[in-house]
Amino acid sequence: MFKENKLIKLLGISYPIIQGGMAGVSEANLVSAVSNAGGLGVIGSGLFPGKWLKNEIEKTKSLTKNPFGVNLFMQNPHIEELAKVIIQEKVPIVFTGGGNPLPLFSHFKKSGIKIIPVVPSPRLAKKMEQAGADAVVAEGLESGGHIGKNTTLTLIPQTKKILEKIPLIAAGGIYDGKTAAAAFLLGADGIQMGTRFIATKECLVHENYKKRILGATADDVTVTLRFTGHPMRVIKNQLSEIWQKLEEKGAFPEEIRAEKIAGSRFLSGNTENTPLLAGLSAAGISEIKTCKEVIEEIIKEAKETIKELAEKI
Ligand SMILES: Cc1cc2nc3c(=O)[nH]c(=O)nc-3n(C[C@H](O)[C@H](O)[C@H](O)COP(=O)(O)O)c2cc1C
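Attention shifts here to the sheet that holds strand β5 (residues 114-119). What the eight strands build is an open sheet, ordered β1-β9-β8-β6-β5-β4-β3-β2; its pairing is parallel. Strands at the two margins of the open sheet, each flanked by one partner only, are β1 (17-19) and β2 (41-44). In this sheet, adjacent strand axes meet at a mean angle of 25° when their direction is disregarded. Strand direction decides the pairing type here: β1 and strand β9 (residues 190-193), joined by three bridges, are parallel. In the sheet register, isoleucine 17 faces β9, and the bridge partner there is isoleucine 191. On top of the sheet, helix α3 (residues 50-63) reaches β2 and β3 (68-73); it is set at about 160° to β2, its chief contact. Where helix α5 (residues 102-110) meets the sheet, its contacts fall on β3, β4 (93-97) and β5, and the angle it forms with β5 comes to roughly 150°.

Shown next as structure tokens:
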């Protein structure tokens, strides 16, 4: 099924599965485990400074010889410093999220680094292709973390239709072979998952966070911070209730931004005073697995699902 896959060829990986960059979550241990299993691990650089990223890249290189990427959060005030580190360290692939990546395109292109923006709409996907992006991630609102307005079900085929040649990666709500098969049927060349990779043995977040993902039902997952203009999908907890109340009171967005939502928060076992970023896929995840198991089972189940379907219809 994946023999002629153009994403695999572009990135030099074995399976068309990307671990989405996750600020404060995807560091060297998780990233290298995904890359060693034949997918593409991606460091989430969030709001961290250049020194942090350099250290994480070096650690990742010591743990895998396979390709890996870095995700840049465009609202990071150290963005130029981070871009320099990526170029110096010759990281082969950069993903961008949370803002306009176009000012960085020429720097990365000159250094032979592949650029893959994460976008929430077909229009922006097309714009990125025209600007020279090597692939795009189209992310539906089922996903964990900051979300857009389109569902994966409609975003993928509509984006596929208007892209001319670059590979399309689907993200948002994908967590097993069936959801992956659906993404491929809709036209994706690859899939990106975040929440599924948090619930893995190699992910270093606190066990309590993983337990909240395993125990979550669809009713436990909500969208908060809509009024700030940057809605975020999380598992409900005391903090999301506080934010909900602030919103009902008509608080200013600045009152929320004052909350500390960056950094190594996920290493603490307190799952009530930190935003528990997770997608709707959490409700379908019930077991902690290794990254290798996640990737291999998804590929196997996706192939079986598509074969069975062909016989049924
Ligand atoms: C904890 C967490 C942190 C995330 N941080 C980032 C980030 O820093 N940059 C980014 O582009 N996307 C980020 N995302 C989105 C993921 O990269 C991925 O696209 C998304 O999780 C896919 O949806 P899923 O959770 O349904 O698999 C984050 C998601 C989660 C769950």
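More follows now that the structure is in view.
Now for the pairing of β5. Within β5, five of the six residues are buried, which leaves the element mostly enclosed by the surrounding structure. Taken together, the four bridges between β4 and β5 define a ladder with parallel strand orientation. Its bridge partner being in β5, threonine 96 is matched across the sheet by proline 117. This β-α-β element, β4 to α5 to β5, shows right-handed connectivity. Direction of pairing for β5 relative to strand β6 (residues 136-139): parallel, over a ladder of two bridges. Its bridge partner lying in β6, valine 119 is registered against alanine 138. Read from β5 through helix α6 (residues 122-131) to β6, the crossover connection turns out right-handed.

Around the ligand lies a shell of 20 residues, among which Glu139, Gly173, Gln192, Gly194 and Thr195 are the nearest. At a separation of 2.5 Å, an oxygen atom of the ligand approaches a polar side-chain atom of threonine 195. Those elements that place two or more of their residues in the shell around the ligand are β9 and α9 (195-198). Of the residues that constitute the shell around the ligand, the class distribution is seven nonpolar, 12 polar and one charged.

Formed by 77 residues in total, the largest nonpolar core has its most connected members in Leu72, Ile86, Phe108, Ile191, Phe197, Tyr209 and Ile213. Among the elements that make up this core, the one with the highest residue count is helix α13 (residues 291-312) (six residues). Beyond its immediate chain neighbours, meaning those up to four positions away, phenylalanine 197 contacts Ile17, Ile18, Gln19, Met22, Leu30, Val34, Cys203, Cys291, Val294 and Ile295. Leu40, Val42, Ile169 and Ala171 belong to the second largest nonpolar core, which has 15 residues in total.

What counts, and where the lines are drawn
- Residues numbered from 1 in each chain as written.
- Predicted model: local features only at pLDDT ≥ 70, side-chain atom pairs only at ≥ 80, totals over all residues.
- Heavy atoms only, no water.
- Pairing = 2+ DSSP bridges.
- Helix = DSSP H or I, 4+ residues; strand = E, 2+ residues; numbered from the N terminus.
- Axes fitted to C-alpha atoms, helices over the stretch in contact; angles between N-to-C directions.
- Contact = heavy atoms within 4.5 Å.
- Buried < 20%, exposed > 50% of the residue type's maximum accessible area, 1.4 Å probe, protein only.
- Right-handed = clockwise from strand over helix to strand, strands pointing away.
- Near = heavy atom within 4 Å.
- Polar contact = N/O pair within 3.5 Å; in protein donor to acceptor, adjacent residues only side chain to side chain.
- Nonpolar A, V, L, I, M, F, W, Y, C, P; charged D, E, K, R; others polar.
- Core = buried A, V, L, I, M, F, W, Y, C linked by side-chain atoms within 4.5 Å.

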